[in-house]
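So the chains spell out like this:
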Amino acid sequence: MTGEYFAPTRLDEALDVLATRDAVVVAGGTDYYPALGTRAERRDLVDLSRIAGLRGIERLADGSLRIGAATTWSDVARAALPPACAGLQAAARGVGSVQIQNSATLAGNLCNASPAADGVPPLLTLDAAVEIAGRSGRRHLALQDFILGPRRTALRPGEVVVAIRLPAPPAGAVSAFHKLGARRYLVISIAMTAVVLSLGPDGRIAALRVAVGACSPVARRLGALEAEAVGRYADTLAVTPAHLAPLSPIDDVRADAAYRHEAVAEQVQRAVRAAAAVAAAAGAGAGAGDG
Amino acid sequence: MDKRVGIDRVAFRLNGRAVDLRAGGGERLSRVLRERLGARDVKVGCDAGDCGACTVLVDGAPVCACLMPVQQAAGRRVETVAGLVAEDPSAQRLVASFADHGAAQCGVCTPGMLVSATALLREETAPDADAVADALGGVLCRCTGYRKIIDAVVHAGSPEPTPTPAADYGDCGDWGDGGNRHDRRDRGDRGDRVDRRESDDWGGRHDRRDGRPGTSIPRLDARAKLDGTERFGDDVAPADALALRIVRSPHHRAAFALGDIAAWRAHRPGIVAVLSAADIPGINRFGVIPPFADQPVFAESEARFRGEAVAAVVGEPAAIEALDEASFPVAWTPLPETLTMDQATAPEAADLHPGRAGNVMCRGRVACGDADAALRAADLVVEGRFATAFVEHAYIEPEAGFARLVDGRLEVHACTQAPVMDRECLAPILALDEAAVRIVPTGVGGGFGSKLDLSIQPFLALATLKTGRPVRHAYGRQESMQSTTKRHPGDMRVRIGATRDGRLSGMAFEGRFNTGAYASWGPTVANRVPVHASGPYRLADYRAEAMGIHTHCPPSGAFRGFGVPQAAIAQESLFDELAERLGHDRLAFRLRNALDNGVPTVCGQVFDQGVGIRACLTTLQPAWAAECAAATAFNRARGTLRRGVGVASGWYGCGNTSLPNPSTIKAGIRADGTVVLHQGAVDIGQGSNTVIAQIFAHALGVPVGAVALLGADTDITPDAGKTSASRQTFVSGNAARLSGESLRRQVLKLVNAAETSVIEPGAGVLCIRDGARRHAVELARLSADGDGYVLAACETYDPPTRPLDADGQGAPYAQFGYAAHLAVVEVDRALGTTRVVKLVAAHDVGRAINPLLVEGQVHGGVAQGLGMALMEEYLPGRTENLQDYLIPTMGDVPPIETLIVEEADAHGPYGAKGLGEHALIPTAPAILNAIKHAIGVRITQVPATPARVRAALRRQEHEQAQAQGREPGQQRGQEGEDG
């Protein structure tokens, strides 16, 4: 009664199967099985985990990174990455549990398109793009254009995500990731904030990127805050309701919207200060004493 | 299409052995390991990666086997706990350390813990507690409170393992003299450990074989729980068993009509039977309290809660697995539901059950003195309304088992807390004599009260009777959460008065408890709450009324404390308000009003011995002084993070409330010299297999290692009652003591030896040393009874109680156990998050038969109390999984210091009192009181989620701003003094 299981070792094989069958893509299985529950699977499955070259992090000559679609959270957490990716690595260590991190993939996290996906805010702050392959070729989409809404992506039938591409971060950029949940492990975020920041020689913010997850259908960058922050000291940066305008939190079993609004303002403030402290400590803010 | 990439065979190495099998698309690795490769040591708790019980190593990395398609294992190494324990030195060290630390209770999470820990120790020698928590944080445990597990892993990983804390506590030679109180400290979290005297490769020591009361022997059933051989409900079915699927209501309330079942079945080969209410040979009704029995096995025309069964499909496993439930012919007509007590008691609400007008299931009441007059006379009266949530038991083992017919009798093998009650409830449903039904409890992967009720058993039994074949089933996590009992949500209005000098003056308590669609243990909650809502204090003027209210929610039943933890939240919170407003120290206020020997309880019961609350509170005094000072110092920084200290008491009557509550324990000595204990007190992880054996062995006068255990099994163990109401150590323990004493008298009488003689069982012989004289009894010369025993005893103990009158006056329990907890929390004012930093738990257990197991119960209870206080809230239809329903993880339970107080009880075996439920009663109020101390706001609704704490702080800020004529919001970060 069950469908067939395909474990291609080449991408074109996977695309061929997807082109001809109503097949479901699996990689880590960590979202697929919980969604399946006790139902029997009748569809075919295409397992991307054995495709050569799909797993691993590659640093390209231009300083950009290419993270293969089958790269797991544990791979990310253990990789030697630049400080701008520390937030992404902190997010990696906060995904579910060690067991989940060993199986779950970054690309799966994006394709599952949960509003509370841990990977999305840090990747947004890294200006990530999604590399997509189909039988007709490859295309790239900015992450914010890839995730369209809860459980909805721009992936077309027959396409798979093959990599996540991160352009070279700004010089001296550091990062932070703060996750708020009601328990320590195995927890879905009530709210989360990712920050990529660099300080100028005077200790003022030279560049800031902030993204917030679990407070809108898709995680969002806080553009107004980012713009306003440049030239300010992190300690004096106050997060206002206007800064949070892109967010539209809801009431759910984890928290109500009013709480999320309030907590996320605090969380953003803390994450920015934490990143600034890292930058100052790293000497990125050369000579500035109040980072 | 390229067929070369399709896979239908999978080959990998399982625990070093090559395996090769055909597999269907996307079969879960966990399922293949368990069902096709015999690796039943891999446990399944959720099938969603939320519990980690199924953790295995794939190429050395821990993964949830339930989330991995078996095809992904192809060509790789898969290791399970059984393989690791057999081969891996780290795993073997862990096993010994887990046994010594009492790190396994029910044992169902243990494989996941051990596998994760082995992976950690392979990568990292000498991990600290934080590293252990990071590595094991993905495995949930509901029994241990995690701290023993952390200690066990740290210990196993340390290069030179330090002595374990499992050795006995100093000189316990005076344990038999009664009345002496010993304060024993659980030093596990502070590294201050007692030397182990002797060890073997299993971590044993000489007192392990002795096991006299007072010694911390590792649990006798530890090995099976650690090496993967323990068999739980889903591990025991024969290979040819049929499977079943239960069709359940997707609506909170709905009328329904079954369609053409015959036509539906006609083109579904492999379906053997479809069962519904019409197929029940006996009475379609059950309940744990016969006068209130109201729950159908299958709803008949209306489903009263989401998840209620309406039909079951029985068939070959493949057919059941492939079943498309949506195709089942049932037509639902949703009806208006009442989910809250306010809705259910509104005038327009329909009654769920005839004869229970206004949806009031029953009421309970205790009154003494004149509460209203005392409140009027009080110098200060505080009042409050407190609300608690449905709490899910969340044992890691969902209900599971199988049934079969053997020689015309029905056998049900399933996890349960109450085998004899299961039989009593099942027989009338099946129209069978009780004698035709045998209940064989499997290993129980946690119970906490919910496995007292029938769950899976009637479906298995009916399906087996209908088909004549063995039938098995394991509830899925959602099915378990939807359909089994919960802790009652409470809505409590309480007023308590005090005089200026800090003496209580009147208390009035009114509580409504959401008992859901069916009665279950609701009447017990309604009765227990008024008896206990005073807390262990002297209150001459008291009135408490409780009622159970029916709603279209899952039935609320028994959950560790039967309503008492809810009531304690209200009472202990208001005690803090009284103390604070009177300007009294909060601990001193409790001491001033603590119950004492010779002082009547609110039921008018007077104990002339054994009242231990004062001792518990006194024992907390040093920690109280130190922690309060530390909190004050911490808060001088006036940061966002605030520290608070809280204290709360609890008491709990052991055994049934004013009802007969006997336990019977049988034992015998075989001709070959084996001493056999028929141990019918079901061990659900708490340790009755060990404690009952220790008591029995001591009474007989043999080392516990000389005792072989049988049971539980309704065919071979007499009724030792339910594992509930903190009664097994006390009641079954007494029956075991009486049996041991009886057997000892018989042995000594054989040779007319003195009472002080020493009995030494040997092969086919009993040696009896009577001073200088030595007798050898050749057992083969004695005639054996039908059980093969040459000497046998069967004794019953029933605690002395008296009925309660209309005002709840009487003697509800023969003994109470007492407890007081101190909690230290840090609250983040801006985010509303609460972290419990430390917990000190003082427990009067009368006599700690096994201090290690006492600590285990305390730790587990504290963890559940912490969950109830901070995160647990079951919302029917919304939190039906372990991802949305949060229980504490390894990172959420702080170090726990257990202070064992021994105020010996005249009725308890060797002075022992019950403990199981006491352990969580004070925890939640102590945490809430600590939150109030930290940030000055009183949380009156649990769980105190970050959102609720922030909402309370917003109200406080608003009120303070109004009081000062300012706009709210200006206050942030500059609030006034702490409470």
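Right, let's walk through the structure included here. For clarity, every value in this text was computed on a predicted model and none was experimentally measured.

### Things to note about the overall build of chain A
A tally of regular secondary structure across chain A gives 10 helices and 14 strands. Whereas a compact globule of 291 residues would reach a radius of gyration of roughly 19 Å, chain A reaches 19 Å, a difference of no more than 12%. Referenced to the eigenvectors of the C-alpha coordinate spread, the extents of chain A come out at roughly 65 × 45 × 30 Å. Each of the 291 residues in chain A was classed as buried or not, and the buried ones make up 56%. Taking the contacts inside chain A whose residues are at least 6 apart along the sequence as the reference set, 62% of them involve residues at least 24 apart.

### Quick word on the interface of chain A and chain B
At the junction of the two partners, chain A supplies 53 residues and chain B supplies 68 residues. Counting each side, the surface lost to burial between chain A and chain B is near 4,700 Å², with a carbon and sulfur contribution of 55%. Along the contact surface separating chain A from chain B lie six salt bridges. Where chain A meets chain B, there are 26 residue pairs in polar contact (both at pLDDT 80 or more). Put simply, the parts of the chain that give the side of chain A that touches chain B at least two residues each are β1 (5-6), α1 (11-20), α2 (32-36), β3 (44-47), α5 (98-103) and α10 (257-281) of chain A.

### Section: the environment of B:Ser649
All names here are of chain B. Position of Ser649 relative to the elements: it lies in strand β25 (residues 641-653). Between the C-alpha atom of Ser649 and that of Tyr395, which follows or precedes it by 254 residues, the distance is 26 Å. Here Ser649 is in contact with Pro536, Tyr537, Glu572, Arg590, Ile613, Leu617, Ala819, Ala820 and Pro922, once residues within four sequence places are set aside. Looking at Ser649, its side chain comes within polar contact range of the side chain of Tyr537, at 2.7 Å.

### Side note on the pairing of strand β33 (residues 816-828) of chain B
All names here are of chain B. With 13 of 13 residues buried, β33 is to be regarded as a mostly interior element. Of the two faces of β33, the one carrying Phe816, Tyr818, Ala820, Leu822, Val824, Glu826 and Asp828 and the one carrying Gly817, Ala819, His821, Ala823, Val825 and Val827 are both buried. When β25 meets β33, the two strands line up antiparallel, connected through 13 bridges. Bridge pairing links Gly653 to Phe816 in β33. For β33 and strand β34 (residues 834-844), the ladder comprises 10 bridges, and the chain directions are antiparallel. Its bridge partner lying in β34, Val825 is registered against Val836. Following β33, the chain reverses through five residues before pairing antiparallel with β34; Gly832 in that reversal takes a positive phi of roughly 75°.

### Quick word on the nonpolar core
If you look at soluble globular proteins, the nonpolar side chains tend to sit buried side by side. Counting 202 residues, the largest nonpolar core has B:Phe98, B:Met113, B:Val153, B:Phe509 and B:Ile931 as the members making the most contacts within it. The element that contributes the greatest number of residues to this core is helix α17 (residues 564-582) of chain B, accounting for 10 residues. Among the nonpolar cores identified, the runner-up in size contains 88 residues, and A:Ala70, A:Cys85, B:Ala39 and B:Cys54 belong to it.

### Side note on the environment of B:Glu434
Residues and elements named next belong to chain B. Position of Glu434 among the secondary structure elements: in the loop between α13 (419-430) and β19 (437-441). A residue is classified by how much of its surface remains accessible, and Glu434, at 34% relative accessible area, is partly exposed. Leaving out residues up to four positions away in the same chain, Glu434 has contacts with Arg423, Glu424 and Ala427.

### Some details on the packing of aromatic side chains
Residue and element names in this part refer to chain B. All chains considered together, the criterion is met by 14 aromatic pairs over all chains. Pairing Trp521 with Phe562 gives two aromatic rings, centres 5.7 Å apart and planes at 70°, and the pair type is edge-to-face. A residue pair is termed long-range when its members are at least 10 positions apart, and Trp521 in the loop between β23 (504-516) and α16 (522-532) and Phe562 in the loop between β24 (542-550) and α17 qualify at 41 residues. Note on accessibility: Trp521 and Phe562 belong to one class, buried. Ring geometry for Tyr874 and Tyr885: centres 6.5 Å apart, planes at 55°, overall tilted. Note that Tyr874 is positioned in the loop between α22 (851-870) and β35 (896-901) and Tyr885 in the loop between α22 and β35, a separation of 11 residues in sequence. Summarising the burial analysis for this pair, Tyr874 and Tyr885 share the class buried. Linked through ring pairs, Phe607, Trp651, Tyr813, Phe816 and Tyr818 together constitute an aromatic cluster.

### Things to note about the pattern of salt bridges
Oppositely charged side chains may form a pair once their charged atoms are brought near each other. Applying the stated criterion across every chain, the model contains 93 salt bridges over all chains. For the salt bridge of A:Glu131 with A:Arg138, the shortest nitrogen-to-oxygen distance reads 2.7 Å. Across the pair B:Asp235 and B:Arg34 runs a salt bridge, and its minimum N-O distance is 2.9 Å. On the criterion of sequence distance, the pair formed by B:Asp235 in the loop between α8 (222-227) and β8 (242-248) and B:Arg34 in helix α1 (residues 29-36) is long-range, its members being 201 residues apart.

### Observations regarding unusual backbone geometry
The step from B:Gly711 to B:Ala712 runs through a cis peptide bond, and the omega angle for that step is 5°. Along the polypeptide, B:Ala712 turns up in the loop between β28 (707-710) and α21 (728-750). Even without glycine at this site, A:Ala113 takes up a positive phi of about 50°. Mapped onto the elements, A:Ala113 comes out in the loop between α6 (106-112) and α7 (120-125).

### Brief notes about helix α4 (residues 86-94) of chain A
Residue and element names in this part refer to chain A. Turning to α4, its buried residues number three or more, namely Gly87, Leu88, Gln89, Ala91 and Ala92. Among the structural elements, β5 (65-68), α3 (73-78), α5, α7, β10 (160-166) and β11 (174-180) are those in contact with the buried residues of α4. Within two residues after α4, Gly96 carries a phi angle of roughly 50°, on the positive side.

Calculation notes
- Residues numbered from 1 in each chain as written.
- Chains lettered and ligands numbered in written order.
- Predicted model: local features only at pLDDT ≥ 70, side-chain atom pairs only at ≥ 80, totals over all residues.
- Heavy atoms only, no water.
- Helix = DSSP H or I, 4+ residues; strand = E, 2+ residues; numbered from the N terminus.
- Rg over C-alpha atoms; globule rule 2.2 N^0.38 Å.
- Buried < 20%, exposed > 50% of the residue type's maximum accessible area, 1.4 Å probe, protein only.
- Contact = heavy atoms within 4.5 Å.
- Buried area = accessible area lost by both parts, 1.4 Å probe.
- Salt bridge = Lys/Arg side-chain N within 4 Å of Asp/Glu carboxyl O.
- Polar contact = N/O pair within 3.5 Å; in protein donor to acceptor, adjacent residues only side chain to side chain.
- Pairing = 2+ DSSP bridges.
- Core = buried A, V, L, I, M, F, W, Y, C linked by side-chain atoms within 4.5 Å.
- Phe/Tyr/Trp six-rings, centres within 6.5 Å; stacked < 30°, edge-to-face > 60°.

Nothing here speaks to function; it is geometry throughout.
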